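For reference, the chains in residue letters:
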Amino acid sequence: MTIRNIPTLWRFLGMLGLILGLLLGGTWLTVKTTSDYLLYQSATDRAQNWANFLAENVRDLEQIAAGEKPSAASLAFFDSTRKAGEVFRYIIFNGYGYSVLLSDHEKVTPVELSDFNPDAARSITENRPIVDAKDGRARGEPNYFSEAFVPVMVGERAVAIVAAYVDQTGERNRFYRTFLVAAATLCLLTGLSFGFPAIAWYWRTKEKQQADRRIRFLAHHDVLTGLANRARLIERLESALAVLPSTGGIIALHFIDIDHFKEVNDTLGHDGGDFLLSSIGQRLNAMTRIEDMVARLGGDEFIVVQTQITGKEQAEAFAQRISTILSAPMYYKEQEICTSFTIGVALGLADGITPERLLKSADLALYSGKAAGRNCIRFFAPEMDEAVQARIALEKAIRAAIADDGFILHYQPIFELGSKKLIGFEALVRLLGDDGTLIPPDHFIPMIEELRLMDKLGAWVLREACRTAATWPENLTVAVNLSATQFESGKITETVAEALRTSGLPANRLELEITETLLLNNNERTMAQLKELKATGSAIVMDDFGTGYSSLRYLWKFPFDKLKIDRSFMQGFDNSGSDVETVVKTIIALGRQLHMRVTIEGVETATQLNFLAGADADQVQGFFFGRPVPASEISANILSGFNRTLRLPQPAKSPRSRNVVPGLRGAAGTSL
Ligand code: C2E
Ligand code: CA
Ligand code: CA
């Protein structure tokens, strides 16, 4: 039993005691009144009988009452009745209330010095018995007896008064016993008939109180972890923030989110997910002080409010500790769960003076931490508000575009340097923004990957690019960029095959561009998928070569068909015989050795083109020849194969003067 139950118990016991007291008191009163009444009746009857008996047997009663001596017969009668029955004493009074004869166990004595007795006088004037109950105090008196004054009637006339003293001790005891047994039975029955409902009432009340307490608890707590819920957190935060202006000090709100919680749920099931959430709740509870608050907002979001701190450093150290403690492995059914956490921190009152604002600030910090790749701690900064709004808008646009084909493909031409001919296009995706502007892929692809929607977008790009390329002359290829995340589901080969089948495009007209990031973890599965793709007949291109790790190991691990030297090399080119030129020439030579064609991207000037011609590159691509444009803007001329020869610039002319790729209408390319 808990302390909280005690008042109810005492209340209940008190009430039970009161009922019992009333019951016992009432019963006792009833027993007493009833037995007194019966004893009175009995005493009166006996006294009356006794008086009648005297009147019948004592012939000279009237004379005795008048003061004469009793006759011998009367004396003999008196003597014989001295010890008779329960009348242990009697006194005869005259009609005025003066005693004339007394008979008791000892003897029968005519009274010489007469006493006046007012009760005797009253019984004669009122002509009724006067009865009084007494406790025996004098020696020889019974414990309980009644004194009854009864007028003795001869015909209609009262000739004397007899006071009969009736021993009622036995009778009274009998009455009491009988009544007490009856009362006890009554009490018991009443007790039972009240007691059962009372006990039932008590338990019901107790259960109701427990249910009420549970409902109150649930209204303020999270069922799974037992931690405070949002409502309770807001309530407590409100009080904590309200006192800050007067007490001073800082509070830090740590908004904690489990990285990739969905994966835990997917691999370990919901029970595993629940286990992780409750364990986190326990760890957080264990590491916080009593004055701090721990809450779960729902899902995989937890809050810790660290109170009474002096500055940001303290909050930072604490957030670090939270991250370390929560990241320690836990075991569910002998399986190790290792998770990382992203924490957004906001400080009160600087980042919010209301609970809602402080929570929002911490949430924004968390959001920015997630955007930065998770597994980190971020403090709120005012500019996050804007950045997050932009991200939220972008996410909305992405989801809408995925739902109703809101993406657009642009195509950028690729030329062969040797034959000076257009050989194909690279398909580059754009997102159509709300305001009709085109959002470049660098802005939205990382988010699509994060939202795990890259498979969907990638499949659409493949289908769309193949469908468009199938309408072009059959010597033109289309290059499609593949993201590393498209290899995770293991369905890329199938997706590519599907795009080729539905469009009717031969596999050898499709080039698939991948980047080094795909090969970083170098797993068997990725390699197997790359081999499958190559086996279909499509070319596999190593894109952005020369950036990142540029490990040559990948070049001999997989037989790429083509290397694309990253556009940053052209940006660093200044035609001064610098290291860039040496590196580009070396990569081209390396490609030759490995039987890979080499494409240079980002060619923007005629000078760059001149250098590349001398450096023996295979293919070129860049704004100098044409920017990426929608399929509808690629002119019929170029597609019909007319005049799509690349002409090298004349050394005398200014390299950037006229700049249109033959046949590319609307593109900022150059006719050379
Ligand atoms: P990337 O594969 O290296 O594509 C070439 C990028 O260089 C394109 O940018 C293109 O517009 C730009 N570019 C071409 N010529 C020049 C030039 O002369 N000067 C400069 N400064 N830039 C030039 P874009 O279209 O913004 O694409 C950026 C990146 O987004 C691509 O780089 C590619 O990695 C990715 N991407 C584009 N479309 C897709 C797609 O469908 N799937 C995947 N996974 N990634 C894509
Ligand atoms: Ca590319
Ligand atoms: Ca590239």
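From a predicted model like this one, the values you see are computed outputs, not experimental measurements.

This part covers the packing of aromatic side chains. Counted by the stated rule, this structure contains 18 aromatic pairs. Taking 5.4 Å as the distance between ring centres and 85° as the angle between the ring planes, the aromatic pair formed by F88 and F145 counts as edge-to-face. Placement of the pair is F88 in strand β1 (residues 87-93) and F145 in strand β5 (residues 144-154), with a sequence separation of 57 residues. Considered together, F88 and F145 belong to a single accessibility category, that of buried residues. Between the aromatic rings of Y411 and W472, the centroid separation amounts to 5.3 Å while the plane-to-plane angle is 85°, which identifies the pairing as edge-to-face. Here Y411, found in strand β14 (residues 407-416), pairs with W472, found in the loop between α12 (454-469) and β17 (477-481); they are 61 residues apart in sequence, far enough to count as distant. A single burial state applies to Y411 and to W472, both of which are buried. Each residue in the set F53, F77, F78 and Y90 is aromatic and connected to the rest through ring pairs, giving one cluster.

On inspection of all chains with the given rule, the structure shows 29 salt bridges. Between D222 and R296 there is a salt bridge; the shortest N-O distance is 3.1 Å. Of this pair, D222 sits in the loop between α5 (169-220) and α6 (230-247) while R296 sits in strand β8 (residues 293-298), placing them 74 residues apart in sequence. Of the two residues, D222 and R296, both sit in the buried class. Its salt-bridge partner being K562, residue E511 comes within 2.8 Å of it at the nearest N-O pair. You can see E511 sitting in strand β18 (residues 510-514) and its partner K562 sitting in strand β20 (residues 562-565), a full 51 residues away along the chain. Note on accessibility: E511 and K562 belong to one class, buried. Several salt bridges converge on common partners, so that one network encompasses D119, R122, E126 and R128.

A word on the site of ligand 1. Around ligand 1, the structure places 24 residues, and the nearest of them are Q412, R430, R567, E604 and F623. Interatomic distance of 3.0 Å between a side-chain N/O atom of N481 and an oxygen atom of ligand 1. One of the side-chain nitrogen or oxygen atoms of E604 is found 2.6 Å away from a nitrogen atom of ligand 1. Burial of ligand 1 by the surrounding chains reaches 88%, relative to a free accessible area of 790 Å². For the shell around ligand 1, the secondary structure elements donating two or more residues are β15 (421-432), α11 (441-450), α12 and β19 (539-545). With four residues, the single largest contributor to the shell around ligand 1 is β15. Tallied by class, the residues present in the shell around ligand 1 amount to 10 nonpolar, six polar and eight charged.

Turning next to the coordination of the calcium ion (ligand 3). On the protein side, the calcium ion (ligand 3) has D543 (OD), D544 (OD), E601 (OE) and E601 (OE) as donor atoms, found 2.1 to 2.8 Å from it. We note that the donor set of the calcium ion (ligand 3) lies within a single chain, spaced as D-D-x56-E. A gap of 3.9 Å separates the calcium ion (ligand 3) and the calcium ion (ligand 2), which D543 links by coordinating each metal. According to the relative accessible area criterion, D543 is buried, its value standing at 7%.

Judged by side-chain polarity, M15, I19, F194 and W201 come together as a nonpolar surface patch covering roughly 390 Å² of accessible area. Looking at the nonpolar patch, the elements that each hand over two or more residues are α1 (6-57) and α5. With respect to the secondary-structure elements, M15 resides in helix α1.

This next bit is on the sheet that holds strand β6 (residues 157-167). Backbone-to-backbone hydrogen bonds pair the strands of a sheet. The strands run either parallel or antiparallel. In space, the six strands of this open sheet follow the order β3-β2-β1-β6-β5-β4, with antiparallel pairing throughout. Edge positions in the sheet fall to β3 (108-110) and β4 (130-135), since each has one partner strand and no second. Within this sheet the neighbouring strands show an average axis-to-axis angle of 15°, counted without direction. Where β4 lies against β5, six bridges are found, and the strand directions are antiparallel. Along β5, the bridge assignment pairs K134 with F145.

Looking now at the coordination of the calcium ion (ligand 2). Here the calcium ion (ligand 2) is held by the protein donor atoms E426 (OE), N481 (OD1), E513 (OE) and D543 (OD), which lie 2.1 to 2.2 Å from it. Each donor residue of the calcium ion (ligand 2) belongs to the same chain, with the gaps between them written as E-x54-N-x31-E-x29-D.

Mapped onto the fold, P129 is located in the loop between α4 (118-126) and β4. Spatially, the C-alpha atom of P129 lies 96 Å from that of R357, the residues being 228 residues apart in sequence. In contact with P129, other than residues within four places in its own chain, are Y40, T44, Q48, F149, V150 and P151.

Here we come to the packing of helix α10 (residues 384-403) against α11. The N-to-C vectors of α10 and α11 enclose an angle of 75°; their axes lie 10 Å apart at closest approach. Accordingly, the angle class assigned to the pair α10 and α11 is roughly perpendicular. On α11, the residues that touch R391, L394, E395 and I398 of α10 are H443, F444, M447, I448 and E450. The class makeup of the residues in the contact of α10 with α11 is five nonpolar, one polar and three charged.

The geometry of helix α7 (residues 261-287) relative to helix α8 (residues 312-327) is characterised by a closest axis approach of 10 Å and an angle of 140° between their N-to-C directions. Classified by the angle their axes make, α7 and α8 are oblique. The way α7 lies across α8 gives a crossing that is right-handed. Residues I280, R283, L284 and M287 of α7 touch α8, and the partners they reach there are F318, R321, I322, I325 and L326.

What follows is about the pairing of strand β2 (residues 99-104). Burial of β2 is extensive: five of the six residues sit out of reach of the surface. Examined bridge by bridge, β1 and β2 share five bridges and lie antiparallel to one another. Bridge pairing in β2 links Y90 to S103. Remark: five residues form the turn of the hairpin made by β1 and β2, two consecutive strands paired antiparallel; G97 in that turn has positive phi of roughly 95°. The hairpin formed by β2 and β3 contains three residues between the paired strands.

Conventions and cut-offs
Residues numbered from 1 in each chain as written. Chains lettered and ligands numbered in written order. Predicted model: local features only at pLDDT ≥ 70, side-chain atom pairs only at ≥ 80, totals over all residues. Heavy atoms only, no water. Phe/Tyr/Trp six-rings, centres within 6.5 Å; stacked < 30°, edge-to-face > 60°. Helix = DSSP H or I, 4+ residues; strand = E, 2+ residues; numbered from the N terminus. Buried < 20%, exposed > 50% of the residue type's maximum accessible area, 1.4 Å probe, protein only. Salt bridge = Lys/Arg side-chain N within 4 Å of Asp/Glu carboxyl O. Near = heavy atom within 4 Å. Polar contact = N/O pair within 3.5 Å; in protein donor to acceptor, adjacent residues only side chain to side chain. Areas by Shrake-Rupley, 256 points an atom, 1.4 Å probe, with all protein chains shown as cover. Nonpolar A, V, L, I, M, F, W, Y, C, P; charged D, E, K, R; others polar. Donors = N, O, S within 2.8 Å, 3.2 Å for Na, K, Ca; no water. Patch = residues over 30% accessible without salt bridge, like charges linked within 9 Å, V, L, I, M, F, W, Y side chains within 5 Å. Pairing = 2+ DSSP bridges. Axes fitted to C-alpha atoms, helices over the stretch in contact; angles between N-to-C directions. Contact = heavy atoms within 4.5 Å. Parallel < 35°, antiparallel > 145°, perpendicular 65-115°, else oblique. Left-handed = near helix turned anticlockwise from the far one by under 90°.

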